[in-house]
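# Structural features, examined
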Amino acid sequence: MTVNTGNNYLRYTPLVFLLSLLLLLGVQTANAKIPKNLLKRHQWQLVFEDNFDHFDTKIWNKNPLRPGPIGTGLNDYKPQNVSVFKGNAILLTDMADETSPAGSNTDWKYDSGILHSYGKYTFKYGYIEARMKLPSSKGLAPAFWLLPDRDGTGAMTRIKVAGRRSTYIENGSTGFTGKGMEIDIMEHPTIWKSNKFHQACHWDGYKEDLKSKTHRKKVKKKAAGEFRRFGLYWQENKLEWYIDGKRVYRWKNKRIADVPMFIIFSTAVGGWAGEDIGELPGKTVIDYVRV
């Protein structure tokens, strides 16, 4: 299908569940919120978009990446805590459900939601953005992040390269070899003020060899409960983080991931967000995500 937008033509070609769209330099549609400084630097093609008009099982999973919580939180991730309603995906955080299905882990005090595209959608390089409304209850930590296309455990398996001391190459079960890492586009422990956010990268596993690059940024305040846009421009050896279309951090390094990554939205309870948990339920709301 070809759409006339004045002097320019935009051609839409469906690729299974992907939407391909050529964005000419300087042209910005309602479906593509590219930051202004990036519009000046490149031409863009929208290759993935979900506005959550329904829950698309071709794109998303509700199940945990591995048994139990990710990280050191107090919560389990339950599929029933993820829903789509009126054009938004919602991750619900609440007290643990004592009527959980037989065989599930009921030791956690809280249930929460995780939404991820493992095994269904990955990308390498480009600009990714999500528009989100975050919970305000104390003790929660909503996040928007990427992991390498591994075996679904979220682990960063490593092999040493012969002849290179302390050098690790990520080795994935899907057949690629390259530099994998966790990239945190946005993390927000709610004990912080509503306008403070965390940007980070973690690599070389999660144990004794773990290495990290982290940054925290305060931005312009918004009224409680308003949406914000969180973005990442991922290039070879370079990352740029964006909040509401403005760059908040930039990192250049040869160690930056060069392998396909899948998308994750989650809300953890406790851990670095503190164990003084506020009023529940809490909701992390996702309006859209685009690459």
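Residues numbered from 1 in each chain as written. Predicted model: local features only at pLDDT ≥ 70, side-chain atom pairs only at ≥ 80, totals over all residues. Heavy atoms only, no water.

## Focus on the overall build of the protein chain
Assigned secondary structure in the protein chain consists of one helix and 23 strands. Considering the protein chain as a whole, with its 291 residues, one finds that 51% of them fall into the buried category. Taking the intrachain contacts of the protein chain between residues at least 6 apart in sequence as the baseline, contacts between residues at least 24 apart amount to 67%. Accessible area for the protein chain stands at about 14300 Å²; split by element, carbon and sulfur atoms hold 50% of it. (Helix = DSSP H or I, 4+ residues; strand = E, 2+ residues; numbered from the N terminus. Buried < 20%, exposed > 50% of the residue type's maximum accessible area, 1.4 Å probe, protein only. Contact = heavy atoms within 4.5 Å. Areas by Shrake-Rupley, 256 points an atom, 1.4 Å probe, with all protein chains shown as cover.)

## Remarks on the layout of surface pockets
When its volume is computed, the second largest pocket comes out at roughly 350 Å³. In terms of lining residues, the second largest pocket is bounded by 20 residues, among which Leu134, Pro135, Ser136, Ala224 and Gly225 are the most central. Of all the secondary structure elements, the ones that give two or more residues to the lining of the second largest pocket are β11 (126–133), β19 (228–235) and β23 (282–290). (1 Å grid on protein atoms, 1.4 Å probe; cavity = no way out; pocket = protein on both sides within 12 Å on 5 of 7 lines; lining within 4 Å. Points joined across faces, edges and corners; volume = space filled by probe spheres on them.)

## Observations concerning the packing of aromatic side chains
Summed over the entire model, instances satisfying the criterion amount to 15 aromatic pairs. Summarising the aromatic geometry, the rings of Phe48 and Tyr121 are spaced 4.1 Å apart at their centres and angled 15 degrees between planes, so their arrangement reads as stacked. Of this pair, Phe48 sits in the loop between β4 (44–46) and β5 (49–50) while Tyr121 sits in the loop between β10 (114–116) and β11; the two residues are 73 residues apart in sequence, bridging distant segments of the chain. Considering the side-chain rings of Trp203 and Trp251, the 5.7 Å spacing of their centres and the 25 degrees angle between planes classify their relative orientation as stacked. In this pair, Trp203 sits in strand β17 (residues 196–203) while Trp251 sits in strand β21 (residues 246–252), placing the two residues 48 residues apart along the sequence. (Phe/Tyr/Trp six-rings, centres within 6.5 Å; stacked < 30°, edge-to-face > 60°.)

## Some words on the sheet that holds strand β22 (residues 261–269)
The strand order across the open sheet formed by six strands is β10-β22-β12-β16-β17-β18, and the pairing between neighbours is antiparallel. Pairing within the sheet leaves two strands with one partner each, and these edge strands are β10 and β18 (211–218). Sheet twist, expressed as the average angle between the axes of neighbouring strands with direction ignored, equals 15 degrees. With eight bridges connecting them, β17 and β18 associate as antiparallel partners. Residue Gln199 lies in a different strand from β18, and its bridge partner there is His215. (Pairing = 2+ DSSP bridges. Axes fitted to C-alpha atoms, helices over the stretch in contact; angles between N-to-C directions.)

## Quick word on the nonpolar core
Most often, soluble globular proteins have nonpolar side chains that are buried together. Residues Ile128, Phe144, Ile183, Ile263, Phe265 and Val289 are the most contacted members of the largest nonpolar core, which totals 42 residues. If near-sequence neighbours (up to four positions away) are discounted, Phe265 is found in contact with Trp60, Leu91, Gly113, Ile114, Leu115, Ala130, Met132, Ala143, Phe144, Ile286 and Val289. If you look at the next biggest cluster of nonpolar residues, it comprises eleven residues, including Tyr77, Ala143, Leu147 and Phe262. (Core = buried A, V, L, I, M, F, W, Y, C linked by side-chain atoms within 4.5 Å.)

## Some points on the confidence of the model for the protein chain
Summing up the model confidence of the protein chain, the mean pLDDT is 79 and the portion of residues at 70 or higher is 74%. Confidence drops under pLDDT 50 across residues 1–31; counting only partners more than four residues distant or on other chains, this segment forms 64 contacts. The model gives residues 151–174 a pLDDT under 50, and that stretch makes 58 contacts with residues more than four places away or in other chains. (pLDDT = per-residue confidence, 0-100.)

## Considering the pattern of salt bridges
Proximity of charged atoms lets side chains of opposite charge pair with each other. With the rule as written, the count across this model stands at ten salt bridges. A salt bridge links Glu49 to Arg290; the nearest nitrogen and oxygen atoms lie 3.1 Å apart. Within this pair, whereas Glu49 is found in strand β5, its partner Arg290 is found in strand β23, the two being separated by 241 residues in sequence. Taken as a pair, Glu49 and Arg290 share a single burial class, namely buried. Ionic contacts of the salt-bridge type, sharing partners, join the residues Arg41, Lys238, Glu240 and Arg247 into one network. (Salt bridge = Lys/Arg side-chain N within 4 Å of Asp/Glu carboxyl O.)

## Focus: the pairing of strand β12 (residues 140–148)
Within β12, nine of the nine residues are buried, which leaves the element mostly enclosed by the surrounding structure. Here β12 shows a buried face lined by Leu140, Pro142, Phe144, Leu146 and Pro148 and a second buried face lined by Ala141, Ala143, Trp145 and Leu147.

## Overview of the environment of Glu129
Take Glu129: it is sitting in strand β11. Here the alpha-carbon distance between Glu129 and Asp244, two residues 115 residues apart in the chain, equals 9.6 Å. At 3.1 Å, the side chain of Glu129 and the side chain of Arg229 are in polar contact. (Polar contact = N/O pair within 3.5 Å; in protein donor to acceptor, adjacent residues only side chain to side chain.)

## Examining unusual backbone geometry
With an omega dihedral of 10 degrees, the bond running from Leu280 to Pro281 counts as a cis peptide bond. Relative to the elements of secondary structure, Pro281 occurs in the loop between β22 and β23. Here the phi dihedral of Lys86 falls at roughly 50 degrees; this positive angle occurs in a residue that is not glycine. Turning to its location among the elements, Lys86 is positioned in the loop between β7 (82–85) and β8 (88–95). Within the chain, Asp244 stands out as a residue other than glycine whose phi angle is a positive 55 degrees. Within the secondary structure layout, Asp244 lies in the loop between β20 (238–243) and β21. Residue Asp244 is classed as partly exposed on the basis of its relative accessible area, which comes to 21%.

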